[in-house]
Amino acid sequence: MPIKFNIPFVAGTELGYLHEVVDSGFFNGNGSFTKRVQAWLEQRYGVPKVLLTHSCTGALEMAALLLDLGPGDEVIIPSYTFSTTASAFMRTGARPVFCEIDPATMNLDWRDVERRITSRTRAIVPVHYGGISADMKELSEVAAVHGITIVEDAAQGIEAKYGESWLGTLSPLAAISFHETKNIHCGLGGALLLNDASYADRAENIWERGTDRSKLFKGLVDKYSWVELGSSFYPTELQAAFLMAQLEAIDENTTIRRRIYEGYDRRLKPMAASGWFALPHIAANRTINYHSYFLVCNSIAQSDALRKHLVDSEIQAFIGYVPLHSSRMGQQLGYTAEDLPLTEEYSQRVLRLPFHHKLSDGDVSRIADAIAEFFG
Ligand SMILES: *Cc1c(COP(=O)(O)O)cnc(C)c1O
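The following refers to the structure shown.

Each value, and the rule that gives it
Residues numbered from 1 in each chain as written. Predicted model: local features only at pLDDT ≥ 70, side-chain atom pairs only at ≥ 80, totals over all residues. Heavy atoms only, no water. Near = heavy atom within 4 Å. Polar contact = N/O pair within 3.5 Å; in protein donor to acceptor, adjacent residues only side chain to side chain. Areas by Shrake-Rupley, 256 points an atom, 1.4 Å probe, with all protein chains shown as cover. 1 Å grid on protein atoms, 1.4 Å probe; cavity = no way out; pocket = protein on both sides within 12 Å on 5 of 7 lines; lining within 4 Å. Sits in = over half its atoms within 2 Å of the grid points. Helix = DSSP H or I, 4+ residues; strand = E, 2+ residues; numbered from the N terminus. Nonpolar A, V, L, I, M, F, W, Y, C, P; charged D, E, K, R; others polar. Buried < 20%, exposed > 50% of the residue type's maximum accessible area, 1.4 Å probe, protein only. Arc of directions from axis to C-beta. Contact = heavy atoms within 4.5 Å. Pairing = 2+ DSSP bridges. Expected span 1.5 Å × (residues − 1). Core = buried A, V, L, I, M, F, W, Y, C linked by side-chain atoms within 4.5 Å. Salt bridge = Lys/Arg side-chain N within 4 Å of Asp/Glu carboxyl O. Axes fitted to C-alpha atoms, helices over the stretch in contact; angles between N-to-C directions. Left-handed = near helix turned anticlockwise from the far one by under 90°. Patch = residues over 30% accessible without salt bridge, like charges linked within 9 Å, V, L, I, M, F, W, Y side chains within 5 Å. Points joined across faces, edges and corners; volume = space filled by probe spheres on them.

### Remarks on the site of the ligand
In the vicinity of the ligand, 16 residues are found, and the nearest of them are Thr57, Asp153, Gln156, Ser177 and Lys182. Within the side chain of glutamine 156, an N or O atom sits 2.8 Å from an oxygen atom of the ligand. Contacts to the ligand include glycine 189, whose backbone N or O atom sits 3.5 Å from an oxygen atom. With the chains in place, 93% of the 390 Å² that the ligand exposes on its own is no longer accessible. More than half of the atoms belonging to the ligand lie within 2 Å of the grid points that define the largest pocket. At the level of elements, α3 (56–66) and α4 (83–90) are the ones that each hand at least two residues to the shell around the ligand. Looking at the shell around the ligand, its residues break down into 5 nonpolar, 9 polar and 2 charged.

### Observations concerning helix α6 (residues 136–146)
Since the α-helix advances by 3.6 residues per turn, residues separated by three or four positions end up pointing in the same direction. Listed as buried for α6 are Met136, Leu139, Val142 and Ala143. Mapping the buried residues of α6 onto a view down its axis gives an arc of 130°, with all of them on the same face. Residues Ala144 and Val145 are exposed on α6 and point more than 90 degrees away from its buried face. Check the buried side of α6 and you find it contacts β5 (107–108), α5 (110–116), β6 (121–124), β7 (149–153) and β8 (161–162). Two residues or fewer past α6, glycine 147 is found with a positive phi of approximately 65°.

### Digging into the environment of threonine 287
Position of threonine 287 relative to the elements: it lies in strand β13 (residues 286–287). Judged by relative accessible area, threonine 287 falls into the partly exposed class, the value being 39%. For the pair formed by threonine 287 and threonine 53, sequence separation is 234 residues and the distance between their alpha carbons is 26 Å. Contacts of threonine 287, omitting those with residues within four sequence positions, involve Gly131, Ala160 and Lys161.

### Focus: the sheet that holds β13
Hydrogen bonds along the backbone pair up the strands of a sheet, which may run parallel or antiparallel. Spatially, β9-β8-β13 is the arrangement adopted by the 3 strands of the open sheet, whose pairing is antiparallel. With partners counted over all chains shown, the strands left at the sheet margins are β9 (165–166) and β13, one partner each.

### Description of helix α14 (residues 361–375)
Between its terminal C-alpha atoms α14 stretches 21 Å, which fits the 21 Å expected from 15 residues at 1.5 Å a residue. Restricting attention to buried positions, one finds in α14 the residues Val364, Ile367, Ala368, Ala370 and Ile371. The buried residues of α14 occupy one face: seen down the axis, they fall within an arc of 155°. Of the residues in α14, the exposed ones pointing more than 90 degrees away from the buried face are Asp369 and Glu373. Looking at the buried side of α14, the elements it contacts are α10 (250–273), β12 (277–278), β14 (293–297), α11 (300–312) and β16 (350–353). Once α14 ends, the next one or two residues include glycine 376, with phi positive near 65°.

### Describing the side chain of glutamine 246
The residue glutamine 246 is located in helix α9 (residues 237–248) in this model. For glutamine 246, a relative accessible area of 0% puts it in the buried group. If sequence neighbours within four positions are ignored, glutamine 246 has contacts with Phe9, Val10, Ala11, Glu14, Ile184 and His185.

### Regarding the nonpolar core
Of all hydrophobic cores here, the largest spans 52 residues; its most connected members are Phe89, Ile124 and Leu139. Counting residues per element, this core draws most heavily on α3, which supplies 7 residues. Beyond its immediate stretch of four places on either side in the chain, isoleucine 124 contacts Ile76, Leu108, Val113, Leu139, Ala143, Ile148, Thr149, Ile150 and Val151. If you look at the next biggest cluster of nonpolar residues, it comprises 31 residues, including Tyr17, Phe33, Trp40 and Leu247.

### Examining the pattern of salt bridges
On inspection of all chains with the given rule, the structure shows 22 salt bridges. Between lysine 49 and glutamate 204 there is a salt bridge, with the nearest N and O atoms lying 3.4 Å from each other. With a gap of 155 residues between them, lysine 49 in strand β1 (residues 49–53) and glutamate 204 in helix α7 (residues 200–207) connect regions that are remote in the sequence. Judged on exposure class, the residue lysine 49 and its partner glutamate 204 are both buried. For arginine 286, the salt bridge identified is with aspartate 135, shortest N-O distance 2.4 Å. Placement of the pair is arginine 286 in strand β13 and aspartate 135 in the loop between β6 and α6, with a sequence separation of 151 residues.

### Digging into the packing of α3 against α4
Contact geometry of α3 with α4 gives a least axis separation of 8 Å together with a crossing angle of 35°. Of the two possible hands of crossing, α3 and α4 adopt the one that is right-handed. On α4, the residues touching Thr57, Leu60, Glu61 and Ala64 of α3 are Thr84, Thr85, Ala88 and Phe89. Class assignment of the residues belonging to the contact of α3 with α4 gives a composition of 4 nonpolar, 3 polar and 1 charged.

### Quick look at a nonpolar patch on the surface
A cluster of nonpolar side chains, Val22, Phe27 and Leu238, forms an exposed patch at the surface whose accessible area comes to about 240 Å². Among the structural elements, valine 22 can be located in helix α1 (residues 14–24). A relative accessible area of 46% means that valine 22 is categorised as partly exposed.

### Some points on the layout of surface pockets
Taken as a whole, the largest pocket encloses approximately 620 Å³ of empty space. Forming the walls of the largest pocket are 31 residues, and the residues nearest its centre are Phe82, Gln156, Thr181, Lys182 and Tyr321. Mapped onto the lining of the largest pocket, the elements with two or more residues apiece are α3, α4 and β16. For the lining of the largest pocket, the per-class residue count stands at 13 nonpolar, 14 polar and 4 charged. Each pocket or cavity is described by its volume, and for the second largest pocket that value is around 240 Å³. Looking at the lining of the second largest pocket, the elements with two or more residues in it are α4 and α12 (328–332). When residues of the lining of the second largest pocket are assigned to their parent elements, the largest contribution, 4 residues, is made by α4. The residue makeup of the lining of the second largest pocket, split by class, is 10 nonpolar, 5 polar and no charged.

Shown next, in the form of structure tokens:
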């Protein structure tokens, strides 16, 4: 039996809530399930205001609008990330400034961030890769010195912590993803976490297609109108209902994922200790959410060969992100591969192993055996 890279989580309680939506006859969005999900997230993570979005991409686009970015502004972003971490900010006319990662974690290298700050830098966007927190203390200090806003791309970060703080609560604005490849999902979905509540009023307008319709619901105005450049940022009630069921199963989900992660660790840590490959460094003050399991191979050639060996053994394994700076879009922005040599090299050394709630201990064993076989 082939071992799949990902199988989206199903809690088993989704259909009951979907029936409730169908029976209610209210489908579009910003209804009772959307409000329930937002309240759940606000309470669980201690965030003053959460807005559910159709994607993490949408939440990042909202953050860019809230920061009033535009031509002439620069936003520092890891090159090792998903395309929309950059495109969300570029839509405003701002320029992405790509930054190196620390190969020990594949997260933003704060020293390189500091080097790339100019008088035009308006925002820094750390990604918590694999649900392992970026170096938030150092990044926050650098940002504070220069008066720059941090926007966390916490797409993969739900339930993970930096010290005592949940990922997504360490910056004024943060984005989470509920895409089906993430721990908890609703097909496509996301959330904007407004840790600085002073953004809330404008955020609601932007979210409501640029109108003050939210004020109508609160009885603050008697008709609503276009007040701001916004878009259609929220998901349907069907997605919110599906997501509510998933969130209620989040502890169970984490327990299952932890067991799988520990199964991998038990078998692969000794191999890493033998120097066959490296595992990401997880500092003592990081609580992870078991989002993914990846190796950092000793060379690109080794990573390619091992991936081929796993695929031949019917085990789906994938490389990491293809760097943004050397992509076709990156080249159009004037970057060449050599501009970020560490990202160029290490992105190709990353090998992501199957990780989903249906993975059995026998599957993990088979994957570990195949890796051991490769190294002979
Ligand atoms: C998944 C992901 C995104 C995109 O999330 P969507 O909800 O699909 O828009 C952005 N950034 C990172 C780091 C991601 O992992």
